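Descriptive analysis of the structure
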Amino acid sequence: MDLTPDPLFVQLRKALRDGLAGVPAPDGVHGAPVADGATGPTRTVLDALGAADFERPASAGGLGLGLAAGALVSEELGRAARGNSYRADAMAADMGGPAGAALAGLEALPVGNRVTATPRAGGWELTGTVTVDDPEPGTLLVATRTGGEPVLVAVARGAAGRTTQSECRPPVVRLAATPVTAADMVGALDDSPTGPLARARLRQAAYLLGIADGAHQIAVGYAGFRRQFGTRLRDLSAVSFPLARAMVALRATRAAVYQAAWSVDSDPDEVGTAPVVALAMAAETAREVVRLSMQSCGVRAMTAELGLHRYFRLAAAESARYGDPAALWRIVGADRVRTARGAAAGAGSPVTAAARQ
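First, a word on scope: everything that follows refers to the structure included in this document. (Residues numbered from 1 in each chain as written. Predicted model: local features only at pLDDT ≥ 70, side-chain atom pairs only at ≥ 80, totals over all residues. Heavy atoms only, no water.)

1. Remarks on the nonpolar core
Formed by 85 residues in total, the largest nonpolar core has its most connected members in Met91, Leu106, Leu141, Leu152, Leu189, Ile211 and Tyr322. By size, the runner-up hydrophobic cluster in this structure holds 17 residues, among which are Ala102, Ala117, Val151 and Leu175. (Core = buried A, V, L, I, M, F, W, Y, C linked by side-chain atoms within 4.5 Å. Buried < 20%, exposed > 50% of the residue type's maximum accessible area, 1.4 Å probe, protein only.)

2. Re the pattern of salt bridges
Enumeration over the complete set of coordinates arrives at 19 salt bridges. Among the ionic pairs, aspartate 89 bridges to arginine 43, the shortest N-O distance being 3.2 Å. Here aspartate 89 is found in helix H4 (residues 87-95), whereas its partner arginine 43 is found in helix H2 (residues 42-49), with 46 residues between them in sequence. Note on aspartate 89: relative accessible area 22%, which makes it partly exposed. The salt bridge partner of arginine 87 is glutamate 318, with a shortest N-O separation of 3.0 Å. (Salt bridge = Lys/Arg side-chain N within 4 Å of Asp/Glu carboxyl O. Helix = DSSP H or I, 4+ residues; strand = E, 2+ residues; numbered from the N terminus.)

3. A closer look at the pairing of strand S3 (residues 123-131)
Every other side chain in a regular strand lies on the same face of the sheet, so the side chains alternate between the two faces. Inspection of the sheet shows strand S2 (residues 115-120) paired to S3 by six bridges, in the antiparallel sense. Pairing of proline 119 across the sheet is with tryptophan 124, part of S3. Where S2 hands over to S3, the hairpin turn is made up of two residues, of which glycine 122 adopts a positive phi near 85 degrees. By the bridge criterion, eight bridges tie S3 to strand S7 (residues 172-181) in an arrangement that is antiparallel. Paired with valine 130 across the bridge in S7 is valine 173. (Pairing = 2+ DSSP bridges.)

4. Here's the deal with the environment of glycine 122
One can find glycine 122 in the loop between S2 and S3. Classification of glycine 122 by relative accessible area gives exposed; the value is 58%. Residues glycine 122 and alanine 159, spaced 37 residues apart in sequence, show a C-alpha to C-alpha distance of 16 Å. The residues contacting glycine 122, other than those within four sequence positions of it, are Val180, Thr181 and Ala182. (Contact = heavy atoms within 4.5 Å.)

This is how it looks when you write it as C-alpha cells:
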C-alpha cells in the first residue's frame, strides 16, 4: 500500500469539502439532523462531481477509482454531518440494482433477519420493520433471507402492505405481507471479503470515521479560543488529553479503513475480515470521539452554533448500521479461532473466503 497522498484524491477531497460547505444544515437542535437518500441535498454535489462513476470499472464507462474513492466520498459526507446519499447507489451498482433506490434492513446482524420472506405462489411475502435512508423512499432494496442466505429484494413504491413513518430518525418502513416475485430479486448479498456487503461495510466505516473527525475538529477549534480560569480550554489537561486520545483513535481507524479498501481493490486474497474489523473500529471510534468532543465543549455542545448535536445523533443512528460492533467483533473472533485451529491441525493459516455468522 502506497502511503503517499494521491494527488487526485487530494483534489477530490477539496472539491467535496467546498461543495458540501454550501449544503445547508438544519438549524434546530431537535428533529432529523440530516436529509438522506435520493432526495437529500448532498445528491446535487455528488452529481456535479460525477460520484456515481468513481467506483464503476473503466470497462463499464466509469472512472475505475476503486473502493478507496467511495470511502473518501463517504468520509467527507460524515465529516460535514450531511446525509449519505452515496451508499445506496454504490451498493445498487455493485448488485446491478436500480439507481435512486433506498437501502432497508441492513442495520443488524445476521444481515437480513429484520424482514422475513415467506414463500408463496410465484414469489414471497415480506414482513418486518426496517430503517431506511430516505424519508420519502421510492424503490426499496430490502435485505432479507431466502433459503437461509441474505439477498436484496426490490420493493416498489405503493406496494401492498408497505407503509413509511418519516417522523423519526432514521425513517422506518413497515412491510406487512408485501408480495414480491422472482423478478424483484436483485441478487444475493455475497459475504465474501470483496463482495457487495464487505464493500458497503467499508463505505459505512468511512462515513462513521468522518462523523468522528468532524466532531473532533469542532471541539479542537472551540477549545482553542474558549477561555476558562484565565487560560484556553485547550491548555487544560482535562480537555487536551482526551482530545489527544481521540486523535490517536481517529488515525488508527483511518488506517484500518483505507488499508481494507486498498486490499479489496488490490489484494483480494489477503482481505480476510478487514472490512468487518474496520466497521467495528469505526463504530466504536465514532461514539467515543463524539462523546469526548461534547464533553470538551461542555454546555455549548448541544447549541445550534456548534452543531455537535448533529454528529451526536448521527453517531447514535449510524453506529449499528450493517452490524452492531459487538456482533462484528464476534465474527472476527470466530474467524481467528478457525484459522488457529486450522494451523494447529497442520492445514496452514489460510485466509477465510467469508466471515459467516
